[in-house]
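# Notes for the structure review
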Amino acid sequence: MSSTTSTSTVRRFFGLLGWILLVPSALTALGSAWLLASSLNFSGEMQTAQGRVVGHHDSFVGTSTRRALAQQSIVEFVASDGRTLRFTDSVLRQLQAVHEVGETVTVRYPAHDPSRAEIGSSGMLKVFIGSVLLLFSGVGMAVGWLLLRLRPRPGDATAMA
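In this report, we go over the structure that sits alongside the text.

For the largest pocket, the calculated volume is near 180 Å³. Surrounding the largest pocket, 13 residues form its lining, S38, R116, A117, E118 and K126 being those nearest its centre. Of all the secondary-structure elements, those providing two or more residues to the lining of the largest pocket are α1 (2-40) and β4 (104-110). When its residues are assigned to classes, the lining of the largest pocket shows 3 nonpolar, 5 polar and 5 charged.

In structure tokens, the structure reads:
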């Protein structure tokens, strides 16, 4: 009887641990899929242009106790329709990753909406991060599902009695 109770307790623990892994992993998978979809822009054709970094926007990242300075590059480029546009890159960069003012960068933008432009390397970084997050969240969901398979079933309680 004692081994049956301890086995049941372990299986309940695995079930709880399975939910703890499965739910956040599934939410992370949704977020990373959104990040990948927005970075790869499945909605249309992408254009590229050469842009020039004209400034930086300073931001602080981190918690309220530990904050670090990060910068977003402000880039100016000429779209395929001849308009000169300026945008602030979506990726916060620290230390060596900051583009210098005057540096030439490759700009990617949707052909139908040049105002959604980003630095090409930022898009590649978001694709990399999204892919890694999707991979690890998939592993977390698989482990969570396996742990849930080990939890006690309603029929197990009557078999133990």
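So much for the structure itself; the text now carries on.
Attention now moves to the pairing of β4. Along any regular strand the residues' side chains alternate between the sheet's two faces. Where burial is concerned, most of β4 is hidden: 5 out of the 7 residues are buried. Two strands pair when backbone bridges link them, and β4 and strand β5 (residues 118-119) are joined in this way by 2 bridges, in the antiparallel orientation. Residue R108 lies in a different strand from β5, and its bridge partner there is E118.

Next up on the list: the nonpolar core. Core analysis: the biggest nonpolar cluster contains 12 residues, these being A49, V53, V75, F77, A79, L85, F87, V105, V107, Y109, A117 and I119. Broken down by secondary-structure element, the contributors of at least two residues to this core are β1 (46-62), β2 (67-78), β3 (84-88) and β4. Those residues in contact with V105, other than ones at most four positions away along the chain, are A49, Q50, G51, V53, V75, H99 and I119.

A few words now on the packing of aromatic side chains. Here the distance between the centres and the angle between the planes together describe a pair of aromatic rings. In this structure the tally under the stated criterion is 3 aromatic pairs. With 6.2 Å between their ring centres and 45 degrees between their planes, F13 and F14 make a pair best called tilted. Residues F77 and F87 carry aromatic rings whose centres are separated by 5.8 Å and whose planes lie at 75 degrees to one another, so their mutual orientation is edge-to-face. Note that F77 is positioned in strand β2 and F87 in strand β3, a separation of 10 residues in sequence. By the burial criterion, F77 is buried, and F87 matches it. Three or more aromatic residues joined by ring pairs make a cluster, and in this case those are F77, F87 and Y109.

Here the structure, examined in full by the defined rule, presents 3 salt bridges. Between E76 and R86 there is a salt bridge whose closest N-O contact spans 2.9 Å. Placement of E76 in strand β2 and of R86 in strand β3 is noted, with a sequence separation of 10 residues between them. When its relative accessible area of 26% is taken as the criterion, E76 is described as partly exposed. Here R86 falls in the exposed class, since its relative accessible area comes to 55%.

This part is about a nonpolar patch on the surface. Taken together, the side chains of L125, F128, I129, V132, L133, L135, F136, V139 and V143 make up a nonpolar region of the molecular surface, amounting to roughly 800 Å² of accessible area. Tracing the backbone through its elements, the reader meets I129 in helix α2 (residues 120-149). What makes I129 partly exposed here is its relative accessible area of 40%.

Conventions used here
Residues numbered from 1 in each chain as written. Predicted model: local features only at pLDDT ≥ 70, side-chain atom pairs only at ≥ 80, totals over all residues. Heavy atoms only, no water. 1 Å grid on protein atoms, 1.4 Å probe; cavity = no way out; pocket = protein on both sides within 12 Å on 5 of 7 lines; lining within 4 Å. Points joined across faces, edges and corners; volume = space filled by probe spheres on them. Helix = DSSP H or I, 4+ residues; strand = E, 2+ residues; numbered from the N terminus. Nonpolar A, V, L, I, M, F, W, Y, C, P; charged D, E, K, R; others polar. Buried < 20%, exposed > 50% of the residue type's maximum accessible area, 1.4 Å probe, protein only. Pairing = 2+ DSSP bridges. Core = buried A, V, L, I, M, F, W, Y, C linked by side-chain atoms within 4.5 Å. Contact = heavy atoms within 4.5 Å. Phe/Tyr/Trp six-rings, centres within 6.5 Å; stacked < 30°, edge-to-face > 60°. Salt bridge = Lys/Arg side-chain N within 4 Å of Asp/Glu carboxyl O. Patch = residues over 30% accessible without salt bridge, like charges linked within 9 Å, V, L, I, M, F, W, Y side chains within 5 Å. Areas by Shrake-Rupley, 256 points an atom, 1.4 Å probe, with all protein chains shown as cover.

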